[in-house]
Amino acid sequence: MPGGSARLIDLPVVSDPRGDLTFVEGRNHVPFDIARVYYLYNVPVDAERGGHAHKVLQQVVFALSGSFRLTIDDGLEKSEFWLRNPRQGVLIDRLIWREMDAFSQGAVCMVLASHPYDEADYIRDYEVFRAAVQDTTNS
Ligand code: TYD
């Protein structure tokens, strides 16, 4: 199986004079059952988060409020997403290195995840990540 990928996901919105309403359903708007939701807030503007990949986990990352930069790396190429629209998330597949920085004041990052938290699923060493990508490319 090749290494992972990342792509934008646009969620529906129902707008009326009272405001906007966005919703997300597992296996409909995101390609997995949602097993976990977590969010980052009170993030200092100079903080760097992420710095890891996952062996199996898939996630979709949103800026519910404010903005931040998400940099993803499939082991060959890097790309940047500036997240600021609460309707638009980035699907991060397995074996993708991700980093988040440039958080605006008061930014809230929400993540939908395909599995419960499992530290054993993390790859926190970049060289180990590169080797894992190489393994899947060769197999
Ligand atoms: P981590 O995923 O490393 O955060 P980031 O990539 O944003 O820097 O998680 C930070 C800490 O929080 C780590 O000790 C694990 C813990 N954690 C949980 O206990 N449950 C969770 O669902 C998540 C995402 C993290």
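Residues numbered from 1 in each chain as written. Predicted model: local features only at pLDDT ≥ 70, side-chain atom pairs only at ≥ 80, totals over all residues. Heavy atoms only, no water.

A. Just the environment of His-54, in detail. You can see His-54 is positioned in strand S5 (residues 49–54). Judged by relative accessible area, which is 3%, His-54 ranks as buried. Between the C-alpha atom of His-54 and that of Glu-119, which follows or precedes it by 65 residues, the distance is 9.4 Å. Residues within four places of His-54 in sequence aside, it is in contact with Gln-59, Arg-94, Leu-95, Ile-96, Arg-98, Asp-121 and Tyr-122. At 3.4 Å, the side chain of His-54 forms a polar contact with the side chain of His-52. Within the structure, His-54 has its side chain in polar contact with the side chain of Asp-121 (distance 3.0 Å). (Helix = DSSP H or I, 4+ residues; strand = E, 2+ residues; numbered from the N terminus. Buried < 20%, exposed > 50% of the residue type's maximum accessible area, 1.4 Å probe, protein only. Contact = heavy atoms within 4.5 Å. Polar contact = N/O pair within 3.5 Å; in protein donor to acceptor, adjacent residues only side chain to side chain.)

B. Seen up close, the environment of Val-111. Of note, Val-111 is situated in strand S11 (residues 108–113). On the basis of relative accessibility, which here comes to 1%, the residue Val-111 falls in the buried class. Placed 22 residues apart in sequence, Val-111 and Gly-89 show a C-alpha to C-alpha distance of 8.9 Å. Excluding anything up to four places from it in sequence, Val-111 contacts Arg-36, Val-37, Tyr-38, Gln-59, Val-60 and Val-61.

C. Molecular detail of the pattern of salt bridges. Under the criterion given, the structure shown has five salt bridges. Two residues, Arg-18 and Asp-16, come together in a salt bridge whose shortest N-O distance is 2.7 Å. (Salt bridge = Lys/Arg side-chain N within 4 Å of Asp/Glu carboxyl O.)

D. Representation of the pairing of strand S6 (residues 59–65) within the structure. Taken across its seven residues, S6 has five buried, putting it largely inside the fold. Direction of pairing for S6 relative to strand S9 (residues 88–92): antiparallel, over a ladder of three bridges. What sits directly across from Gln-59, in S9, is Ile-92. As judged from the six bridges shared by S6 and S11, these two strands associate in the antiparallel manner. Residue pairing across strands places Ser-65 opposite Val-108, the latter belonging to S11. (Pairing = 2+ DSSP bridges.)

E. Spotlight on the environment of Arg-130. Relative to the helices and strands, Arg-130 is located in helix H1 (residues 126–138). Separated by 33 residues in the primary sequence, Arg-130 and Trp-97 have C-alpha atoms spaced 9.2 Å apart.

F. Structural detail: the sheet that holds strand S4 (residues 36–40). Pairing in this open sheet of five strands is antiparallel, and the strands run S1-S9-S6-S11-S4 from one edge to the other. Here the strands that pair on one side only, and so sit at the sheet edges, are strand S1 (6–10) and S4. Taking each pair of neighbouring strands and ignoring which way they run, the sheet shows an average axis angle of 25 degrees. (Axes fitted to C-alpha atoms, helices over the stretch in contact; angles between N-to-C directions.)

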